[in-house]
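# Architecture at a glance
As a plain string of letters, each chain reads:
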Amino acid sequence: MNIILIGFMGVGKSEVGKSLAARQGMNFIDADEIIEKTEGRKISQIFEKNGEPYFRNLETEVIKTLEDYDNFVISTGGGVVLREENVKMLKEIGPLVLLTSSPEVIYQRLKELKDRPLLEQGDKMESIKEILDVRNPIYEKAADLKIDTSNITPLAAVEEIVKWIKRSK
Ligand code: S3P
């Protein structure tokens, strides 16, 4: 079994994912990192040079390659749920754990960063709110478990996931 972390940018997927993997004796992989490695460039460069649709195709290609993975915690890019086929493929390899945070917390975590191309045009807080409005129902529909990380530590989120895994065994 794998555990797949989904959710908006800045909700803590990588941090929670790494400590969950360590806690459970699982491996950790970040789907965005696979894209950057295979392309040999940063996601921001891919968006800049080739645009979002090109990136979304790469993302789906990477999801396809996860089919044979086992015992992995997999962190995904925030937009992975935008394609139903991605969600379907991910659900075949493990439960989807949704991490959420309030727009204010997301903004605080991302305000100094420049590596999220979708938030680089216009007002960052406005962009966060707008994209969340569109995506929230999609995240909710895809999720098997949902954890709000706005006011808890990554370790507390890990504990909630571990408890849930034990209960659902
Ligand atoms: C995106 C989220 C990013 C990355 C890309 C697009 C999105 O990943 O895939 O910038 O559409 O929400 P993180 O969620 O890891 O920041």
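Below or above, wherever it landed, is the structure these notes cover. (Residues numbered from 1 in each chain as written. Predicted model: local features only at pLDDT ≥ 70, side-chain atom pairs only at ≥ 80, totals over all residues. Heavy atoms only, no water.)

Further remarks concern helix α6 (residues 103–110). Residues Val105, Ile106 and Leu110 constitute the buried set of α6. Projected down its long axis, α6 shows its buried positions confined to an angular sector of 120 degrees, all on one face. Where the residues of α6 are buried, they touch α7 (124–142). (Buried < 20%, exposed > 50% of the residue type's maximum accessible area, 1.4 Å probe, protein only. Helix = DSSP H or I, 4+ residues; strand = E, 2+ residues; numbered from the N terminus. Arc of directions from axis to C-beta. Contact = heavy atoms within 4.5 Å.)

Time to look at the site of the ligand. By nearness alone, 13 residues border the ligand, and Lys13, Asp32, Arg56, Arg116 and Arg135 come closest of all. Take Arg116: an N or O atom from its side chain is 2.6 Å from an oxygen atom of the ligand. Classifying every residue of the shell around the ligand by side-chain character gives five nonpolar, three polar and five charged. (Near = heavy atom within 4 Å. Polar contact = N/O pair within 3.5 Å; in protein donor to acceptor, adjacent residues only side chain to side chain. Nonpolar A, V, L, I, M, F, W, Y, C, P; charged D, E, K, R; others polar.)

Turning next to the pairing of strand β1 (residues 3–6). Burial along β1 is two-sided: Ile3 and Leu5 and Ile4 and Ile6, pointing in opposite directions, are all buried. Relative to strand β4 (residues 96–100), β1 runs parallel, the two being bridged by three bridges. For Ile4, the partnering residue across the bridge sits in β4 and is Leu96. (Pairing = 2+ DSSP bridges.)

The phi torsion at Asn71 lies on the positive side, around 65 degrees, for a residue other than glycine. Tracing the backbone through its elements, the reader meets Asn71 in the loop between α4 (52–65) and β3 (72–75).

Attention now goes to the packing of helix α3 (residues 43–50) against α4. Relative orientation of the contacting elements α3 and α4 amounts to 130 degrees, with a least axis distance of 7 Å. Viewed along their axes, α3 and α4 adopt a mutual orientation that is oblique. Between α3, through Ile43, Ile46, Phe47 and Asn50, and α4, the contact on the second element is made entirely by Glu52, Tyr54, Phe55, Arg56 and Leu58. Here the contact of α3 with α4 is composed, by residue class, of six nonpolar, one polar and two charged. (Axes fitted to C-alpha atoms, helices over the stretch in contact; angles between N-to-C directions. Parallel < 35°, antiparallel > 145°, perpendicular 65-115°, else oblique.)

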